[in-house]
Amino acid sequence: MLEELTTRHLDYQATSRPVAAMEVDYPSGSSTGWHAHPRNQLLHAIEGVMIVRSGAGSWVVPPNRAVWLAAGLEHEAQMCGEVKIRTVFVDPDAAPHLPRESCVLAVSPLLRELIVAAVDIPTDYASGGRDERLLLLLLDELRELAVLPLHLPMPRDSRLQMVCAQLSARPDDDTTAEQWADRLGVTAKTIHRLFAKEAGMTFGQWRQQARLLFALERLARGERIIDVAIDSGYASQSAFTAMFRKHFGMPPSAFYR
């Protein structure tokens, strides 16, 4: 059964039409397995939370978000809870105005309804009709969406990979950049320079992002906010809530609601 779910997308890659939309539901804890698409993919779930991983980094995708995956990117999606995926495949040549890099996008109410409607459109829809116009409107709506900071880039430098693996596994680890530098036999300046070069952010920003994504995954599983806050490296629930509100404009208790 799961194998059938993870291969269903193949039929939607073979169409001659530039856009195709698919629905598929996954049980809690399941995974798509590692794979890639020849088309760009807008991966959205109307229910449940996905953890999407690639060699370039990871994304947490709750129901009010979607991840845009560039064509050819090898990735897997892990399901937190039962997940109802509604996804759109886009020929790279059909929409040059859309992002070239993978990213997380906010999903507007209009886009959500367009995605839900699009999955009922056959892959061989007629040109010039209502179905094509709906899909073109979907692409236009994508152009208006904001890119959100829900990506955790993974550096290529082996020294930084060791640091990042530890920070991802133990978000409450408060080892400083200077202390990491001593362990690695380099200067703190080297640590900061490598993070800026390979991750596009500072050491402190990367650690905060790792904590944030760790927290989102735990919250998606229904864990208590106070437990998530402490395990994410915050001294109190109020400190965690302040950080969360700064990033998302709402407290963690309201995020998945």
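Residues numbered from 1 in each chain as written. Predicted model: local features only at pLDDT ≥ 70, side-chain atom pairs only at ≥ 80, totals over all residues. Heavy atoms only, no water.

Peer 1: Describe the overall build of the protein chain, naming the residues involved and giving the relevant values.
Peer 2: When helices and strands are counted, the protein chain shows eleven helices and eight strands. Relative to the globule expectation of 18 Å for 257 residues, the C-alpha radius of gyration of the protein chain, 20 Å, shows essentially globular dimensions. With respect to the principal axes defined by its C-alpha atoms, the protein chain has extents near 65 × 35 × 35 Å. The buried share of the protein chain, taken over its 257 residues, is 49%. For the protein chain, restricting intrachain contacts to residue pairs at least 6 apart in sequence, the fraction spanning at least 24 positions comes to 70%. (Helix = DSSP H or I, 4+ residues; strand = E, 2+ residues; numbered from the N terminus. Rg over C-alpha atoms; globule rule 2.2 N^0.38 Å. Buried < 20%, exposed > 50% of the residue type's maximum accessible area, 1.4 Å probe, protein only. Contact = heavy atoms within 4.5 Å.)

Peer 1: Tell me what's going on with the layout of surface pockets, and back it up with residues and numbers.
Peer 2: One way to see where empty space is left: roll a probe the size of a water molecule over the atoms. Taken as a whole, the largest pocket encloses approximately 210 Å³ of empty space. Forming the walls of the largest pocket are Ile51, Arg53, Ser58, Trp59, Val60, Leu152, Met154, Ser168, Ala210, Leu213, Phe214 and Glu217. At the level of elements, strand E2 (40-54), strand E3 (57-61) and helix H8 (203-220) are the ones that each hand at least two residues to the lining of the largest pocket. Examining the composition of the lining of the largest pocket, we find that four residues originate from one element, H8, more than from any other. Here the lining of the largest pocket is built from residues that sort into eight nonpolar, two polar and two charged. (1 Å grid on protein atoms, 1.4 Å probe; cavity = no way out; pocket = protein on both sides within 12 Å on 5 of 7 lines; lining within 4 Å. Points joined across faces, edges and corners; volume = space filled by probe spheres on them. Nonpolar A, V, L, I, M, F, W, Y, C, P; charged D, E, K, R; others polar.)

Peer 1: Give me the environment of Lys84: which residues, what numbers.
Peer 2: Positionally, Lys84 belongs in strand E5 (residues 75-90). In contact with Lys84, other than residues within four places in its own chain, are Val24, Asp25, His44, Ala45, Ile46 and Glu47.

Peer 1: Outline the pattern of salt bridges, listing residues and values.
Peer 2: Within the structure shown, the criterion is met by twelve salt bridges. Across the pair Glu76 and Arg53 runs a salt bridge whose closest N-O atoms are separated by 3.9 Å. With a gap of 23 residues between them, Glu76 in strand E5 and Arg53 in strand E2 connect regions that are remote in the sequence. Taking relative accessible area as the criterion, Glu76 reaches 13% and is therefore assigned buried. (Salt bridge = Lys/Arg side-chain N within 4 Å of Asp/Glu carboxyl O.)

Peer 1: Please give an account of helix H10 (residues 237-248) that cites residues and values.
Peer 2: Along its twelve residues, H10 runs 16 Å from first to last C-alpha, staying within 8% of the 16 Å computed at 1.5 Å per residue. If you check which residues of H10 are buried, you get Phe240, Thr241, Met243, Phe244 and Phe248. Along H10, the residues classed as buried sweep out an arc of 160° about the axis, all on the same side. Turned more than 90 degrees away from the buried face of H10, the exposed residues are Ser238 and Lys246. As for H10, its buried residues are in contact with strand E4 (65-69), H8, helix H9 (225-231) and helix H11 (252-255). Looking one or two places after H10, you find Gly249, whose phi comes out positive at around 75°. (Expected span 1.5 Å × (residues − 1). Arc of directions from axis to C-beta.)

Peer 1: So what's going on with the nonpolar core? Which residues, and what values?
Peer 2: Counting 57 residues, the largest nonpolar core has Met50, Val52, Phe195, Trp206, Leu216 and Phe240 as its most contacted members. No other element matches the eight residues that H8 contributes to this core. In terms of nonpolar packing, the next biggest core, distinct from the first, is built from 25 residues, Trp68, Val88, Leu98 and Leu139 among them. (Core = buried A, V, L, I, M, F, W, Y, C linked by side-chain atoms within 4.5 Å.)

Interpretation in functional terms is not warranted from these geometric data alone.
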